[in-house]
Amino acid sequence: DYVSLDNIGGQGLGFSDDVALDKGQMLEIELRLPVEKNAFYFAAQVMWIGDQAHDGKKSYGLKITDLDEEAKKKFDRFIQDNILDQYLDDQGQLK
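Notes on the structure follow. (Residues numbered from 1 in each chain as written. Predicted model: local features only at pLDDT ≥ 70, side-chain atom pairs only at ≥ 80, totals over all residues. Heavy atoms only, no water.)

Considerations on the overall build of the chain
Thought 1: Helix and strand counts for the chain stand at 1 helix and 5 strands.
Thought 2: Taken over 95 residues, the chain has a buried fraction of 29%.
Thought 3: Here the contacts in the chain between residues at least 6 apart in sequence split such that 43% fall between residues at least 24 apart. (Helix = DSSP H or I, 4+ residues; strand = E, 2+ residues; numbered from the N terminus. Buried < 20%, exposed > 50% of the residue type's maximum accessible area, 1.4 Å probe, protein only. Contact = heavy atoms within 4.5 Å.)

Considerations on the sheet that holds strand E1 (residues 5–8)
Thought 1: Taken in spatial order, the 5 strands line up as E1-E2-E5-E4-E3 in an open sheet, and their pairing is antiparallel. Edge positions in the sheet fall to E1 and strand E3 (26–31), since each of these pairs with one other strand and no more. Pairwise comparison of adjacent strand axes, ignoring direction, gives a mean angle of 35 degrees for this sheet.
Thought 2: As paired elements, E3 and strand E4 (residues 40–50) share 6 bridges and run antiparallel to each other. Across the sheet, the residue bridging to Leu27 is Ala44, located in E4. (Pairing = 2+ DSSP bridges. Axes fitted to C-alpha atoms, helices over the stretch in contact; angles between N-to-C directions.)

Some thoughts on the side chain of Ser16
Thought 1: Looking at where Ser16 falls in the secondary structure, it is placed in strand E2 (residues 12–17).
Thought 2: Classification of Ser16 by relative accessible area gives buried; the value is 10%.
Thought 3: A distance of 2.5 Å separates the side chain of Ser16 from the side chain of Asp6, its partner in a polar contact. (Polar contact = N/O pair within 3.5 Å; in protein donor to acceptor, adjacent residues only side chain to side chain.)

Comments concerning the nonpolar core
Thought 1: Of all hydrophobic cores here, the largest spans 19 residues; its most connected members are Ile29, Leu31, Phe42, Leu62 and Phe75.
Thought 2: For this core, the secondary-structure elements that each account for two or more residues are E2, E3, E4, strand E5 (58–66) and helix H1 (69–87).
Thought 3: With sequence-adjacent residues up to four places away left out, Ile29 is seen in contact with Leu13, Phe40, Tyr41, Phe42, Ala44 and Leu62. (Core = buried A, V, L, I, M, F, W, Y, C linked by side-chain atoms within 4.5 Å.)

Looking at the side chain of Asp17
Thought 1: Locating Asp17 in the fold gives a position in strand E2.
Thought 2: The buried charged residue Asp17 lacks any salt bridge, with Lys57 as its nearest oppositely charged partner at 5.1 Å.
Thought 3: At a separation of 2.9 Å, a polar atom in the side chain of Asp17 contacts the main-chain amide nitrogen of Val19.
Thought 4: Discounting chain neighbours no more than four positions away, the residues touching Asp17 are Asp1, Val3, Lys57, Lys58 and Tyr60. (Lys, Arg positive; Asp, Glu negative; His and termini not counted. Salt bridge = Lys/Arg side-chain N within 4 Å of Asp/Glu carboxyl O.)

What follows is the structure, encoded as structure tokens:
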């Protein structure tokens, strides 16, 4: 099953879907970033569930619990290059 992410950060992911998940549930995730040739595979835990996100779908927040060191570096670099630099200035303040 594939979903599009609503948000992404250094510690986790957010998405909306009509799948039924439980808080605390562990998931095996395959994440494909547009700048990486290979997918990342890791475990994540459902940390929160929102009632109605989009079109009656629930929103979910996942915490990454198992990401190897090399993948973490690439993931963090993606966050830095594609998200943080876009919104934060050199002092870490919103642009």
